[in-house]
Amino acid sequence: MGDQKKSKATGVWPTVKPFVNGGVSGMLATCVIQPIDMIKVRIQLGQGSASQVAKNMLKEEGFGAFYKGLSAGLLRQATYTTARLGSFKILTNKAIEANDGKPLPLYQKALCGLTAGAIGASVGSPADLALIRMQADATLPAAQRRHYKNAFHALYRIVGDEGVLALWKGAGPTVVRAMALNMGMLASYDQSVELFRDSLGFGETATVVGASSISGFFAAACSLPFDYVKTQIQKMQPDAEGKLPYSGSLDCTLKTLKAGGPFKFYTGFPVYCVRIAPHVMMTWIFLNQIQKLEKSVGL
């Protein structure tokens, strides 16, 4: 048994482990959040209150309706969350080594979070595109629909019709938003764990729940301005003379600042927080449980 343990510690597993754990916890969180997300979209489309929507969906479409588009959601977590949580763990471990084993200052955690976000979004961009295309497909006129069977079929069709580089269409704003979101999510979680566990002496459960709540809030707070700009750019329509309101992200940012001040970027923050924070919280809680389970079986 001792030999086995030794080989595990020096083999491939320690390198792969943060990526596997990150991906699995993100996918489990998606399974919990997906039905809530589905109901939220229906509420936004004006189909009534949460309980009405849930009742109607169950009655008319059955339980499976809550998990429509799950394959793309899971594929996105398997790529994006695997890459961002795995690379964050590896980056922080390297930084702690360079720091003689002492906890990292907040700015270094923020830098690791920024980098991990960029890596995750670059890897996850194709799955993100597949998810958006699958959700939008049902809203197109019948003749224009692409009828994707699942996320892999969507990716196959996009590559076939538009070439491989089309998978990274619009990746710029997505990467920037992911960098901001992950900087807020990852740095604040580590910092909060240190505060609750080491300074305030909280128990494990209270630490994880408290830190993941703070992490969810900061993920939403850091990324909403970028999300706001991204949405404005995506939905802009030309005016009567065929001129678009914004020439790009920077132009949109400056015009929004001038017209509404910095708080304009936080329009709809409570709703956005409800959308982002639960997934962040669930991911951290699942990650903690997975790590505990691994410890108990000696992985």
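Residues numbered from 1 in each chain as written. Predicted model: local features only at pLDDT ≥ 70, side-chain atom pairs only at ≥ 80, totals over all residues. Heavy atoms only, no water.

1. Some thoughts on the packing of helix α4 (residues 70-98) against helix α10 (residues 269-296)
The test is simple: Only the contacting stretch of a helix is used when fitting its axis, a line to C-alpha atoms as for every element, and angles between N-to-C directions run 0 to 180 degrees. Think of it this way: any DSSP run of H or I at least four residues long counts as a helix, any run of E at least two long counts as a strand, and we number them from the N terminus. Oblique is the label for any angle not under 35 degrees, not over 145, and not in the 65 to 115 range, which are roughly parallel, roughly antiparallel and roughly perpendicular in turn. In this scheme the crossing of two helices becomes right-handed for a clockwise turn of the near helix relative to the far one and left-handed for an anticlockwise turn of less than a right angle. For this analysis, residues touch if any pair of their heavy atoms sits within 4.5 Å. For this classification, the nonpolar set comprises Ala, Val, Leu, Ile, Met, Phe, Trp, Tyr, Cys and Pro, the charged set comprises Asp, Glu, Lys and Arg, and every other residue, Gly included, is treated as polar.
With their axes 14 Å apart at the nearest point, α4 and α10 run at an angle of 70° to one another. The orientation of α4 with respect to α10, classified from their angle, is roughly perpendicular. The two elements α4 and α10 meet at a crossing, and its hand is right-handed. From α4, Q77, T81 and L85 reach across to α10, where they touch H279, T283, W284 and L287. By residue class, the composition of the contact of α4 with α10 is three nonpolar, four polar and no charged.

2. Looking at the side chain of Q34
The topology assignment puts Q34 in helix α2 (residues 13-44). The contact partners of Q34, leaving out residues within four places of it in the chain, are F66, Y67, K68, G69 and L70.

3. Quick word on the packing of aromatic side chains
Definition in use: Under the pairing criterion, centres of Phe, Tyr and Trp rings, with the six-membered ring standing for Trp, must be within 6.5 Å; the plane angle then separates stacked pairs below 30 degrees from edge-to-face pairs above 60, leaving the rest tilted. Exposure categories follow from relative accessible area, calculated using a 1.4 Å probe and restricted to protein chains: below 20% of the type maximum is buried, above 50% is exposed, and the middle band is partly exposed.
Taken as a whole and judged by the stated rule, the model has eight aromatic pairs. Between F63 and F66 the ring centres are 5.9 Å apart and the planes differ by 55°, which places this aromatic pair in the tilted class. Accessibility expressed as a relative area gives 56% for F63, which makes it exposed. When the centroid spacing of 5.1 Å and the interplanar angle of 15° are considered together, the rings of F196 and F202 count as stacked. Relative accessible area serves as the criterion here: at 12%, F196 is assigned to the buried category. Here the aromatic cluster, defined as three or more aromatic residues joined through ring pairs, consists of F217, F218, Y266 and F269.

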